[in-house]
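Listed here are the chains, written in short residue letters.
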Amino acid sequence: MKKRSSLLALLLVLLALPFLLRALPSRVSAGGLTVLSTTPAARSLNNPIITPITITFDRPLNPATVNANTLMAFGKWSGAATGSITLTNANQTAILTPDAPFFSGEMGMVVLSEQIQAEDGTFLPDGGYSFQFWLDSQPGGMSFTVIDTLSTRSEPNQDTVAYGGVATDYNEDGWADITIVNELTADLRVFLNLANGTGLYADFLEPTFPVAQQASPSEPSDFNGDGHADIAVANINADSISILLGNGDGTFAPQQLVPVGISPRGIAALDVDGDGDMDIANTNNGSNNVSILLNNGSGVFGAPTYFEGGGNGEWGLAAADMDEDGRLDLIVGTYAGSSLITWRNNGNGTFTQMDTAPAGGSVWMLGTGDVNGDGHEDLHVANGFTNKGSILLGDGAGNLANPTSYDTGQLTLATDLGDVDGDGDLDWVTSSYGSQNWRLFLNDGDGSFTFNRDFAASSAASCALFADIDNDGDLDLALIDEIADTVQLVRQNGVPAATPTPTSTATSTPTATATNALTPSPTLPRTLTPTPTQDVNVTATPSPTPSPTSSPTPDPKLILKTYLPLVKQQP
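About the criteria used
- Residues numbered from 1 in each chain as written.
- Predicted model: local features only at pLDDT ≥ 70, side-chain atom pairs only at ≥ 80, totals over all residues.
- Heavy atoms only, no water.
- Helix = DSSP H or I, 4+ residues; strand = E, 2+ residues; numbered from the N terminus.
- Buried < 20%, exposed > 50% of the residue type's maximum accessible area, 1.4 Å probe, protein only.
- Contact = heavy atoms within 4.5 Å.
- Areas by Shrake-Rupley, 256 points an atom, 1.4 Å probe, with all protein chains shown as cover.
- Phe/Tyr/Trp six-rings, centres within 6.5 Å; stacked < 30°, edge-to-face > 60°.
- Polar contact = N/O pair within 3.5 Å; in protein donor to acceptor, adjacent residues only side chain to side chain.
- Salt bridge = Lys/Arg side-chain N within 4 Å of Asp/Glu carboxyl O.

(A) The arrangement of the overall build of the chain in detail. For the chain, the count of helices and strands is two helices and 37 strands. In the chain, which comprises 571 residues, the proportion classed as buried is 57%. Within the chain, residue pairs in contact and separated by at least 24 positions form 57% of the contacts whose partners lie at least 6 positions apart. Accessible area of the chain: about 21,800 Å², with a carbon and sulfur share of 56%.

(B) Region of the structure containing the packing of aromatic side chains. Throughout the structure, instances matching the rule amount to 19 aromatic pairs. On the basis of an interplanar angle of 90 degrees and a centroid distance of 5.7 Å, the ring pair of Phe102 and Phe133 is categorised as edge-to-face. Taken together, the positions of Phe102 in the loop between strand 6 (93-98) and strand 7 (107-112) and Phe133 in strand 8 (residues 129-134) put the pair 31 residues apart, joining distant regions of the chain. The two residues Phe102 and Phe133 agree in class, both being buried. Centre to centre, the rings of Phe209 and Phe252 are 5.4 Å apart; their planes meet at 80 degrees, and the pair counts as edge-to-face. One end of the pair, Phe209, is in strand 13 (residues 209-210); the other, Phe252, is in the loop between strand 16 (240-244) and strand 17 (256-259), and 43 residues separate them in sequence. Three or more aromatic residues joined by ring pairs form one cluster here, namely Tyr406, Trp428, Phe441, Phe449 and Phe451.

(C) Local environment of the environment of Val211. Tracing the backbone shows Val211 in the loop between strand 13 and strand 14 (215-221). A sequence separation of 26 residues divides Val211 from Thr185, and the C-alpha atoms of the two residues are 8.9 Å apart. Each residue touching Val211, except ones within four places of it in the same chain, is listed here: Ala186, Asp187, Leu188, Val233, Asn235, Ser242, Leu244 and Gln255.

(D) Spotlight on the side chain of Arg439. By the element assignment, Arg439 lies in strand 32 (residues 437-443). Accessibility expressed as a relative area gives 4% for Arg439, which makes it buried. Within the structure, the side chain of Arg439 is placed 2.8 Å from the side chain of Asp454, a separation counted as a polar contact.

(E) Up close: unusual backbone geometry. The amide bond that connects Thr39 to the next residue, Pro40, takes the cis arrangement and shows omega of 0 degrees. One can find Pro40 in the loop between strand 1 (35-39) and strand 2 (53-57). Cis rather than trans, the peptide bond between Glu206 and Pro207 has omega equal to 0 degrees. The phi torsion at Ala90 lies on the positive side, around 55 degrees, for a residue other than glycine. Secondary-structure assignment places Ala90 in the loop between strand 5 (83-88) and strand 6. Of note, Asn387 is a non-glycine position whose phi angle comes to about 65 degrees, a positive value. Tracing the chain through its elements places Asn387 in the loop between strand 27 (378-382) and strand 28 (388-392).

(F) View of the pattern of salt bridges. Evaluated as defined, the whole model comprises 11 salt bridges. For the salt bridge of Asp485 with Arg153, the shortest nitrogen-to-oxygen distance reads 2.8 Å. With Asp485 in the loop between strand 35 (476-481) and strand 36 (486-492) and Arg153 in the loop between strand 9 (144-151) and strand 10 (162-166), this residue pair connects regions lying 332 residues apart in the sequence. Among the residues examined, Asp485 registers a relative accessible area of 0% and is labelled buried. A salt bridge links Arg327 to Asp325; its shortest N-O distance comes to 3.6 Å. Taking relative accessible area as the criterion, Arg327 reaches 17% and is therefore assigned buried. Judged by its relative accessible area of 30%, Asp325 falls in the partly exposed class. In the salt-bridge network here, residues are joined through shared partners; they are Arg43, Asp321 and Glu324.

What follows is the structure, encoded as structure tokens:
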């Protein structure tokens, strides 16, 4: 009797199962919740800095699922775009109204979680929805003055090797700060903007913020969703990633240190698994692979998983929606293989290869942006010892055209985009370690570039940051020299006011340009003295054993330093 009862119960469950499954909402079914349009539009340029973010869907939303945990916005320099979220258009349009403006000329990002649900019970597809856009910058007249030179050294003879950094507002006062990543001292040094319109900065905060050996590439984001900007740093010699959560006052909590593969070289922040928080990807040159670090939503990252990057000597890395499906993909650049590989984000923490293209030379760094105004993501590449920089146009389907290469000088380490002349397209600056200069190219409007000028480095140009350091609406430059351990603050002087009819003759003082003598750095007060902190480590599974051909590439900069004094500056 018991056996018959059990069989009858099982039969009833099996008969009811199809109806139960139909009652469950599904993210992956055809006809699920879909994004119809956004403002700003994905990949668009020249958006006003005071702008609401609107996302219109194909059906009404369940209001309980639309909140700060499922709709996030971030400006690369302005930080987390927190504000009120409302629903309009019969609950089909979500509007995030930021409490503060974005910064002129920066890139913004919006991330929607796959947990956003429609009234009919359907969800966004796996992976959610993400898009990037650029903010407007004003014409500045293209006259530049070096207004100050910051030093990253505590003592004159204590080298820090200031490799790079970010211009993110870490104390949330509405002005771009400068955080420098130092390879030798293995720390972050934060210079706070004086916030008085001069474009000048206070001395770096002390004590500094520890990371690990040969800290180099970095990426800002809000990893724990608290509205404060954070930072992730790749530590080349320590085979690890440091994640430092911002406190909102220019200081950071102790780092979380996550072991990854051998010699991590590139880093990117994106939502890999669709849960609405920012995960981390990094390339490992020595392991010939890519690490994926998943965020638990609180800014704590688990042990990485890995996938083969598709080339030889994975080095540069960037995240952008190359196939325009609403998920940020990865672009891997190889140093030994001189190739670029685009990887489609599957929305579940995995990636599928889309295309492989020649990079124009070895890849040291790469970035993305629509340089020809066709609405598709393009790539800009620093080609290292190839002594070139390259531009590759994207087609919106994940494929790249052949590179167009430009002479950028010896050992080009860095490449950055920004609309420096305010004409509505993205211009380009490269950093040449060997030629000791930063080279500025202006966009002709169609994705081709014309050399404009060089900015001279005293020793070795390692990185350039576009940022509006004086908040006048046009883009300025912070130029990082890793041998001199300095940051040149190069202010764009703005468009001169209309000259009235003169009533008397006056003599004006000429303005120095950025290639001439530098203004001595004034002594400025520190505004914060944070309490020393201790690091927090996380245990991770070891990286897969490298293949016989994947031993780490020796750092070319170490070779170049031996003959750098003999290198002549390029024209």
